[in-house]
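# Fold and geometry: a report
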Amino acid sequence: MAVRVQREDFDSGAELERFSAGKTRIGGICLFVGLVRDYMGHDPAAGAEVRAMTLEHYPGMTERQLEAIEAEARSRWPLEDTLIIHRYGMLEPGERIVLVAASSAHRDAAFEACRFLMDWLKTKAPFWKVEHTSEGDAWVDAKESDDAAAARWKR
Amino acid sequence: MAVRVQREDFDSGAELERFSAGKTRIGGICLFVGLVRDYMGHDPAAGAEVRAMTLEHYPGMTERQLEAIEAEARSRWPLEDTLIIHRYGMLEPGERIVLVAASSAHRDAAFEACRFLMDWLKTKAPFWKVEHTSEGDAWVDAKESDDAAAARWKR
Amino acid sequence: MKVLYFAWLRAKTGIGEEEIALPSEVVTIAQLVELLKGRSPGHAAAFAEMAVVRVAVNQDYVGLDSPVTTGDEVAFFPPVTGG
Amino acid sequence: MKVLYFAWLRAKTGIGEEEIALPSEVVTIAQLVELLKGRSPGHAAAFAEMAVVRVAVNQDYVGLDSPVTTGDEVAFFPPVTGG
């Protein structure tokens, strides 16, 4: 169970290995890694080229919210372990932004918890992206699809 | 897009890194790793200790089925890449059995395709486990929950 | 015809693979199963409960009413438990 | 009271953080927003459309009718876009 908010890159392979090392009670690990795309919006052909993005965050509140999201996941599913790593600062296309992972005795719990962590993080963790594009800088708008994804987990 | 059926272990971290290296069009990668548990059934306290398991498979048909599952996933979601690695032979608790991964411009597609790959693999790929336990050897029974999980994706 | 057995069907029949000379009146999987049951008590035991036996012809899943011909590779096995 | 601005609210107000002397009649977030709007045209622009402004008091999300007191840390920012 860990939350890390950091400027520097992380080694996703090493994190995955660490997650499984010496574990004999877990049936599976589900892991998600989010990367910076090189185009704006949904259509690579239509969107302006993204040369880089800068992720701003609210130090203190970010960690607090991520820890709350992690605790919520652990209250909902029987998890062996969870991990959230989120970067801030300037990132170029192809760079890693975020890693979330959940392990459990049963794969459904691992899959669902991992997706839940991403969905809630997307709508609750105080990060904001500004894209540096061929047409200038632009703050990324929140997406309704992300609100809908988070709402799936309401209860 | 790749399917590998092998006796030897794989480096899950290196596979994950390879999956993301140099990719600037994918929003995310979802990956699942399944490990051998050290107890039978659902309850660690109730189930006999599993000292090892042996995975038997049907060479030829296994690859054919996994490739069909992968092709089905790619027909359902806009995926950048997919990977399935499955081991056979004798494995000890904590060892990796399987890795599936899917990458896409959008996280929902990556999550759903990855879970679909596991759910279909569980009910279609010709592998059979025999557990070597403190109470003798026992063929693992197929689980109704796996049939239900696969049925989610019927259409 | 090549017949393959996996997992506990292999354990019960005592063999992983055998060559069968297919009589001309055997044209479906169900008829093939009846033929195979007569080969040994182990075969009879393996096919005692067909609800837990899966069949593949030439490495594709098929049902019991599926046709078989002499050049086919037919495999019998329990519901799969990989992953 | 410490007031923080993030993302385009920071860009519009031109500041990331400011200290506010809280008048005794200001007891809710909505009242605080009205007070802040008067500080500069940039502030007025930042708070022009409250539907796209989120608020946290002491690092927890709150609504516009939430109470504020002088020791609070209050943050204003757009809907989040991390991940």
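Residues numbered from 1 in each chain as written. Chains lettered and ligands numbered in written order. Predicted model: local features only at pLDDT ≥ 70, side-chain atom pairs only at ≥ 80, totals over all residues. Heavy atoms only, no water.

### Here's the deal with the pattern of salt bridges
Scanning the model with the defined rule gives 40 salt bridges over all chains in all. For Arg 87 of chain A, the salt bridge is made with Glu 95 of chain A, and the minimal N-O distance between the two is 3.2 Å. Residue class for Glu 95 of chain A comes out partly exposed when judged on its relative accessible area of 26%. Where Glu 18 of chain C meets Arg 39 of chain C, a salt bridge forms, and the shortest distance between an N and an O atom there is 3.1 Å. With Glu 18 of chain C in strand β2 (residues 17-19) and Arg 39 of chain C in the loop between α2 (29-37) and α3 (41-46), this residue pair connects regions lying 21 residues apart in the sequence. When its relative accessible area of 44% is taken as the criterion, Arg 39 of chain C is described as partly exposed. One network of salt bridges, in which partners are shared, links Arg 107, Asp 108 and Glu 112 of chain A together with Arg 115, Asp 119, Asp 146 and Arg 152 of chain B. (Salt bridge = Lys/Arg side-chain N within 4 Å of Asp/Glu carboxyl O. Buried < 20%, exposed > 50% of the residue type's maximum accessible area, 1.4 Å probe, protein only. Helix = DSSP H or I, 4+ residues; strand = E, 2+ residues; numbered from the N terminus.)

### Description of the pairing of strand β6 (residues 96-104) of chain B
Residue and element names in this part refer to chain B. Most of β6 sits inside the fold, with 9 of its 9 residues counted as buried. Across 7 bridges, strand β4 (residues 79-87) lies against β6 in antiparallel orientation. The residue bridging Thr 82 from the neighbouring strand is Ala 102, located in β6. (Pairing = 2+ DSSP bridges.)

### Some thoughts on the sheet that holds strand β5 (residues 73-77) of chain C
All names here are of chain C. Spatially, β2-β1-β5-β3-β4 is the arrangement adopted by the 5 strands of the open sheet, whose pairing is mixed. In this open sheet, the two strands that pair with only one neighbour each are β2 and β4 (60-62). Direction aside, neighbouring strands of the sheet carry axes that sit 25° apart on average. As paired elements, strand β1 (residues 2-5) and β5 share 4 bridges and run parallel to each other. (Axes fitted to C-alpha atoms, helices over the stretch in contact; angles between N-to-C directions.)

### Thoughts on the nonpolar core
Among the nonpolar cores identified, the biggest contains 64 residues, and Val 100 of chain A together with Val 100 of chain B are the most heavily contacted of them. When sequence neighbours within four positions are dropped, the list of residues in contact with Val 100 of chain B reads Cys 30, Leu 31, Phe 32, Leu 83, Ile 84, Cys 114, Leu 117, Met 118 and Leu 121 of chain B. Within the second largest apolar cluster, 24 residues are counted, among which are Leu 16, Leu 83 and Ile 85 of chain A together with Phe 10 of chain B. (Core = buried A, V, L, I, M, F, W, Y, C linked by side-chain atoms within 4.5 Å. Contact = heavy atoms within 4.5 Å.)

### Some remarks on the environment of Tyr 88 of chain B
Residue and element names in this part refer to chain B. As for its position among the elements, Tyr 88 is in the loop between β4 and β5 (89-91). On a C-alpha basis, the gap between Tyr 88 and Asp 9 in space is 9.6 Å, while along the polypeptide they are 79 residues apart. Ignoring any residue separated from it by four or fewer positions in sequence, one finds Tyr 88 in contact with Val 5, Gln 6, Arg 7, Leu 55, His 57 and Phe 127.

### Focus on the environment of Leu 35 of chain A
For Leu 35 of chain A, the position within the fold is in strand β2 (residues 28-35). With 59 residues separating them along the chain, Leu 35 of chain A and Gly 94 of chain A place their C-alpha atoms 5.6 Å apart. Setting aside its immediate chain neighbours within four residues, Leu 35 of chain A contacts Gly 94, Glu 95, Arg 96 and Ile 97 of chain A together with Ser 20, Lys 23, Ile 26, Gly 27 and Ile 29 of chain B.

### Regarding the pairing of strand β3 (residues 50-57) of chain A
Residue and element names in this part refer to chain A. The buried fraction of β3 is high, at 6 of 8 residues. Where β3 lies against strand β7 (residues 127-133), 7 bridges are found, and the strand directions are antiparallel. Counterpart to Thr 54 in the pairing with β7 is Val 130. Here 3 bridges tie β3 to strand β5 (residues 89-91), and the two strands are oriented antiparallel to one another. Looking at the pairing, Thr 54 lines up with Met 90 of β5.

### What about the interface of chain B and chain A?
Accessible area lost during the coming together of the parts is what is often quoted as the interface size. Listed as interface residues are 43 residues of chain B and, on the opposing side, 43 residues of chain A. In total, about 3,700 Å² of surface goes out of reach between chain B and chain A, with carbon and sulfur atoms giving 50% of it. Of all residues in chain B, Arg 107, Phe 111 and Arg 115 of chain B give up the largest surface area on contact with chain A, accounting jointly for 19% of the area buried on that side. On the surface where chain B and chain A come into contact, there are 14 salt bridges. (Buried area = accessible area lost by both parts, 1.4 Å probe.)

### Some words on the arrangement of the chains
Of all 3 pairs of chains in contact, the one with the most contacts involves chains A and B. Contact between chain C and chain D is absent, and the minimum C-alpha spacing across the pair is 29 Å.

### What to know about the interface of chain C and chain B
Taken together, the contact pairs 20 residues of chain C with 26 residues of chain B. When the buried area of chain C at its contact with chain B is split by residue, Gln 59, Thr 81 and Gly 83 of chain C rank highest and sum to 37% of it. Applying the counting criterion to the chain C and chain B interface returns 2 salt bridges. Ionic pairing is found between Arg 10 of chain C and Glu 56 of chain B, a salt bridge with its closest N-O pair at 2.4 Å. For the pair chain C and chain B, the interface holds 14 residue pairs in polar contact (both at pLDDT 80 or more). (Polar contact = N/O pair within 3.5 Å; in protein donor to acceptor, adjacent residues only side chain to side chain.)

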